[in-house]
Amino acid sequence: MKIAMGNDHSAVEMKLEIKAYLEDKGYEVVDFGTNDTVSCDYPVYGEKVGRAVAGGEADLGILICGTGVGISLAANKVKGIRACVCSEPYSAKLSRLHNNTNILAFGARVVGVELAKMIVDQWLEAEFEGGRHQRRVDMIMEIEKNGK
Ligand code: RB5
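Residues numbered from 1 in each chain as written. Predicted model: local features only at pLDDT ≥ 70, side-chain atom pairs only at ≥ 80, totals over all residues. Heavy atoms only, no water.

**Student:** Mind showing me how you'd approach the overall build of the protein here?
**Tutor:** In terms of regular secondary structure, the protein is built from six helices and five strands. The linear arrangement of helices and strands in the protein, starting from the amino end, is β-α-β-α-β-α-β-α-β-α-α. Rg of the C-alpha trace for the protein: 14 Å, near the compact-globule value of 15 Å for 148 residues, within the 12% margin. Oriented by its inertia axes, the alpha-carbon framework of the protein measures out at about 40 × 30 × 25 Å. (Helix = DSSP H or I, 4+ residues; strand = E, 2+ residues; numbered from the N terminus. Rg over C-alpha atoms; globule rule 2.2 N^0.38 Å.)

Dropping the structure here:
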């Protein structure tokens, strides 16, 4: 499985730790940066990862900024993206099972690296359940289609 990763300056160290963790587990990671701790604009990386996932260049995406909020908001502006911020594993798992999220975001200033690994594991190991949840995800995507 190919995972696109992106982050701003606040999350370089966290991104590198999670990237190495995923690669050790056999995932292929495409790193969209930044790898610089100089202050930068998180929408750039949210959009890059959003486009990679929406365009099929990667199967799923992981975004990290200070809180996970700004970078997920940017990714969610890309058509086809369902990004969510998760600071604990339960919501991360349910976001896959029920909401079919294709991007996970979290905050490097919110969660520690060990908790981040648990969040990422639960998210990656869960599979969308479909059924009644498919109808609801379709309804979300319909809002996007009809958006003005
Ligand atoms: C950067 O200081 C910070 O605003 C950013 O990482 C993120 O938390 C925004 O949502």
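Read on for the rest.
**Student:** It is not clear to me how the sheet that holds strand 4 (residues 83-85) should be interpreted in this structure. Could you clarify?
**Tutor:** Hydrogen bonds between backbone atoms are what pair the strands of a sheet, whose relative direction is either parallel or antiparallel. The parallel open sheet is built from five strands, whose spatial order is 2-1-3-5-4. Only two strands of the sheet have a single neighbouring strand rather than two, namely strand 2 (28-31) and strand 4. Looking at each pair of strands side by side, their axes are set apart by 25° on average, direction ignored. Seen against the sheet, helix 2 (residues 42-54) touches strand 1 (2-7), strand 3 (60-65) and strand 5 (103-107) and runs at an angle of roughly 170° to strand 3. Helix-sheet contacts for helix 5 (residues 113-125) involve strand 1, strand 3 and strand 5, and the interaxial angle to strand 5 is about 165°. (Pairing = 2+ DSSP bridges. Axes fitted to C-alpha atoms, helices over the stretch in contact; angles between N-to-C directions. Contact = heavy atoms within 4.5 Å.)

**Student:** Any chance you could explain helix 5 here in plain terms?
**Tutor:** What sets the pattern is the α-helix's 3.6 residues per turn: residues three or four places apart point alike. Relative to the 18 Å expected for 13 residues at 1.5 Å per residue, helix 5 spans 18 Å between its end C-alpha atoms, a close match to the ideal helical length. Turning to helix 5, its buried residues number three or more, namely Ala-116, Lys-117, Ile-119, Val-120, Asp-121, Trp-123 and Leu-124. Buried residues belonging to helix 5 abut strand 1, helix 1 (12-24), strand 3, helix 4 (89-97) and strand 5. (Expected span 1.5 Å × (residues − 1). Buried < 20%, exposed > 50% of the residue type's maximum accessible area, 1.4 Å probe, protein only.)

**Student:** Can you walk me through the site of the ligand in this structure?
**Tutor:** Lining the immediate surroundings of the ligand are Asp-8, His-9, Ser-10, Tyr-42, Cys-65, Gly-66, Thr-67, Gly-70 and Arg-109. Here Gly-66 contributes a backbone N or O atom positioned 2.7 Å from an oxygen atom of the ligand. About the coverage of the ligand: the protein hides 70% of its 290 Å² of free accessible area. A breakdown of the residues in the shell around the ligand according to their chemical character gives two nonpolar, five polar and two charged. (Near = heavy atom within 4 Å. Polar contact = N/O pair within 3.5 Å; in protein donor to acceptor, adjacent residues only side chain to side chain. Areas by Shrake-Rupley, 256 points an atom, 1.4 Å probe, with all protein chains shown as cover. Nonpolar A, V, L, I, M, F, W, Y, C, P; charged D, E, K, R; others polar.)

**Student:** What is the right way to look at the nonpolar core in this model?
**Tutor:** General note: in soluble globular proteins, nonpolar side chains tend to be found buried as a group. Ranked by internal contacts, the top residues of the largest apolar core, which has 21 residues, are Met-5, Ile-18, Leu-22, Ile-62, Leu-104, Phe-106 and Val-120. Of all the elements in the fold, those that place two or more residues in this core are strand 1, helix 1, strand 3, strand 5 and helix 5. Per element, the largest residue contribution to this core is five residues, and it comes from helix 5. Grouped together as the second largest cluster of nonpolar side chains are 16 residues, Tyr-45, Leu-63, Val-78 and Ile-81 included. (Core = buried A, V, L, I, M, F, W, Y, C linked by side-chain atoms within 4.5 Å.)

**Student:** Honestly, the pattern of salt bridges in this entry has me stumped. Any pointers?
**Tutor:** For side chains bearing opposite charge, pairing can occur when the charged atoms are close. Across all of its chains, the model carries six salt bridges by this definition. The closest approach of N and O atoms between Lys-145 and Glu-142, which form a salt bridge, is 3.5 Å. In this pair, Lys-145 and Glu-142 are both assigned in helix 6 (residues 132-146), three residues apart and thus about one turn of the helix distant. Since its relative accessible area comes to 60%, Lys-145 is described here as exposed. Taken together, the shared-partner salt bridges in this structure form one network comprising Lys-15, Lys-19 and Asp-31. (Salt bridge = Lys/Arg side-chain N within 4 Å of Asp/Glu carboxyl O.)

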